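Chains, contacts and geometry: an overview
Spelled out, the chains give:
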Amino acid sequence: MSARPEIALVSRDRGREYASAAASGAPQALECVDRFHLLKNLREDLEGCLARHLGAKRRENTQEILDTSAPTWREARSLRRSPKLERIQQARREERLACYEQVIALRKQGLSQARIAQWVGIGPRTVQRWLAADGFPERKPREQSSQLDRYLPYLRKRWEEGGHNMTRLFQELVEQGGKRLVCVCS
C-alpha cells in the first residue's frame, strides 16, 4: 500500500493488525469498516437491544399473569379468540400470501420448482402444490376437538368448584375411565 500514494480509502475490520498495516502502509487514507463487518456489528447491536426489550416485556407479562387470578372457563375460552390472536393469524396469512405471490412471480421468470423452493425458503412440495392451485390456497380451519371433549362438563364443574390442580384433575379423569389420556402435567 505504501507504493500506492493514490489510495484514499482503506476498508478493514476491527483487527489491530489491519489497523496498524493500514496506518503504516497508507497513512493518507481514510479507514472505514467493510460492509460485512458493518452489518455484523449492526446485527449484534440490534440483537442485544431486542433481547433486552424482549426480556423486559416477558417480565411484564409474567408479572401480569401473577397479579391476575386464574381465569374462569368462559374467560379462558374467550382468550382463544382474542383480537390479538386474530391479528397474528392475519399477519401470518399475509406473510404466506406474499410467499405465494413470490413463487408465482419466480415461476413466470422461468425458475425451476427446486430453485424457487430454495429461493423462497419453503419446501419443494409446497411450491408444487401452489403452482398447481388455481389461486392462493387458503388454510382450512383446524377441527378443534380433543380427547378431553367428553370430559369438559366435568372439568368445568370441578374448575368452578376451585379444583385448579391439573395433576389431581387428571387423576380424577383416569378414575372415570380416561385411561388412554396422556398427562402433560408436572
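Relevant structure appears above.
This write-up is about the structure you can find in this document. Residue indices follow the written sequence of each chain, beginning from 1 at its first position. Where totals are concerned, whole chains, interfaces and linings use all residues; where local detail is concerned, this predicted model gives features only for residues with pLDDT of at least 70, and gives and counts side-chain atom pairs only at 80 or more. Values shown for side chains rest on all heavy atoms present in the structure; no hydrogens or waters enter the calculation.

Right, let's get into helix α4 (residues 83-108). Only DSSP runs of H or I covering at least 4 residues are called helices, and only runs of E covering at least 2 are called strands; the numbering of each starts at the N terminus. For a helix, the expected span equals 1.5 Å multiplied by the residue count minus one. The first and last C-alpha atoms of α4 sit 37 Å apart over 26 residues, in line with the 38 Å expected at 1.5 Å per residue. Here the term buried applies to any residue with accessible area under 20% of the maximum for its type, exposed to any over 50%, and partly exposed to those in between, with areas from a 1.4 Å probe on protein chains only. Considered for burial, the residues of α4 that qualify are R96, Y100, V103 and L106. In this analysis, two residues are considered to be in contact whenever any of their non-hydrogen atoms come within 4.5 Å of each other. Elements that come into contact with the buried residues of α4 comprise α5 (113-120) and α6 (124-132). Immediately beyond the C-terminal end of α4, within one or two residues, lies G110, with a positive phi of roughly 95 degrees.

What follows is about the packing of aromatic side chains. In summary, the pairing rule links any two rings of Phe, Tyr or Trp, Trp by its six-membered ring, whose centres are within 6.5 Å, and it sorts them by plane angle into stacked for under 30 degrees, edge-to-face for over 60 and tilted for everything else. Using the criterion set out here, one finds two aromatic pairs in the structure. Judged by centre distance (5.8 Å) and plane angle (75 degrees), the ring pair of Y100 and W130 falls under edge-to-face. Pair noted here: Y100 is in helix α4 and W130 is in helix α6, with a separation of 30 residues, a long-range link. Like Y100, the residue W130 is buried in the burial classification.

Our next topic: the pattern of salt bridges. Any carboxyl oxygen of Asp or Glu within 4 Å of a side-chain nitrogen of Lys or Arg constitutes a salt bridge here. Under the definition given, this model contains nine salt bridges. Between R4 and E6 there is a salt bridge, with its nearest N and O atoms 2.9 Å apart. A salt bridge links R158 to E161; the nearest nitrogen and oxygen atoms lie 3.3 Å apart. What emerges from the salt-bridge pattern is a single network uniting K157, R158, E161, R168, E172 and E175.

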